[in-house]
Structures are given as C-alpha cells and as structure tokens.
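Inside the fold
In case you want the letters, here they are:
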Amino acid sequence: MSQQTIRKTVLSPHSADKMFQLVDRAEDYPNFLPWYGRTEILFRSETELKARLHMDYMGVQQSFATHNHNIPNREIRINLLEGPFKSLHGTWTFVPLGDDACQIQFELHYELTGILTRLLTPVFNSVTNKLVDAFIKEADKRYG
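Now for a description of the structure that goes with this document.

The rules behind the values
Residues numbered from 1 in each chain as written. Predicted model: local features only at pLDDT ≥ 70, side-chain atom pairs only at ≥ 80, totals over all residues. Heavy atoms only, no water. Salt bridge = Lys/Arg side-chain N within 4 Å of Asp/Glu carboxyl O. Buried < 20%, exposed > 50% of the residue type's maximum accessible area, 1.4 Å probe, protein only. Helix = DSSP H or I, 4+ residues; strand = E, 2+ residues; numbered from the N terminus. Phe/Tyr/Trp six-rings, centres within 6.5 Å; stacked < 30°, edge-to-face > 60°. Core = buried A, V, L, I, M, F, W, Y, C linked by side-chain atoms within 4.5 Å. Contact = heavy atoms within 4.5 Å.

**A look at the pattern of salt bridges**
- Using the criterion set out here, one finds 14 salt bridges in the structure.
- Here arginine 25 ties to aspartate 28 by a salt bridge, and the two come within 3.0 Å at their closest N and O atoms.
- Arginine 25 sits in the partly exposed class, given a relative accessible area of 36%.
- Residue classification places aspartate 28 among the buried positions, given a relative accessible area of 13%.
- Residues arginine 52 and glutamate 82 are paired through a salt bridge, measuring 2.5 Å at the closest nitrogen-oxygen approach. Separated by 30 residues along the polypeptide, arginine 52 in strand S3 (residues 48-57) and glutamate 82 in strand S5 (residues 75-82) bring together distant segments of the chain.

**Section: the packing of aromatic side chains**
- For the structure shown, the criterion picks out 11 aromatic pairs.
- Through a chain of ring-to-ring contacts, the aromatic side chains of Phe20, Tyr29, Phe32, Trp35, Tyr36, Trp92, Phe94, Phe106 and Phe135 assemble into a single cluster.

**Details of the nonpolar core**
- In this structure, Met19, Tyr29, Leu33, Trp92, Phe94, Ile104 and Phe135 are the most contacted members of the largest nonpolar core, which totals 42 residues.
- Sorting elements by how many residues they give to this core places helix H3 (residues 117-143) first, with 10 residues.
- In contact with methionine 19, not counting residues within four places along its chain, are Ser12, His14, Phe94, Cys102, Ile104, Phe135, Ile136 and Ala139.

**Description of the side chain of histidine 14**
- Within the secondary structure layout, histidine 14 lies in the loop between strand S1 (4-12) and helix H1 (16-24).
- Those residues within four positions of histidine 14 in sequence are excluded, and the remaining contacts are Met19, Asp100, Ala101, Cys102, Ile136, Ala139, Asp140, Tyr143 and Gly144.

In structure tokens, the structure reads:
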C-alpha cells in the first residue's frame, strides 16, 4: 500500500484563534464528527496534546493515538503514537486574515499497514476528505 496524502486549503469566516481552539479540543470531536465514538486525552499542555481517537464508521471500529505539537493559535503538527498505520503525520495551519477570518491549510500523509488495509483505506480516505469541512460547519454553529 502506498502512502496517501490529503491536502486541503479553505477560507474560514472565523478567526485563526477560534479555528485552532476547535481543532485542538479533540475531546469534543465525538460531539460533531460522527465517525469518532470517543476520545481519550492522554496528555495536554499549551504546546502538546496526546490523544487516542476511537473511530466507529460504517461498521469499522479502530483506534489510533497521536502526539500533536502546537504553536498556539497558528499550527498543529500531528504525529502517530500508535495505531493501524505504517506512518501518519500532518499539519493544520491557521493563517490569520484579519480579526474574523483565516485560511486553513490541512495536510495529512498516512500509510496503513496490516490485514485491515483494504478495509480501512476507503474509510480513512472518506473521513479525512470530510474533516476540514466538518470543522468549518461546527465553527459556524458555535460562532455564528
């Protein structure tokens, strides 16, 4: 299985600070991302987050943990701790465009491994392609 790459750049009518905070709060994901059943926060500081995300999508249940390094309100760098991946790393970048808008750049590289690769690849591709839009939709609900 070759490495998969997702790249998405969108304009958000919400500030970089608000969008960063929304993406950083992994414990809220199950409330608005239907493919996550639950999240466990393993460690949190101002510049780091370790979390285990439990996916439950189209009958596929799987969990993975990431270690994120943050530049508060500007960038989240994602690295795999454990899970069904040979590799997983990516970046959320929040570029301020005035007080109440930003550009979001999302890039994720991953490669699945093991027997579940054939089953998980289409599921994970689907989820990651919808991710940025789901965060924008949630920000619209929260911030108007």
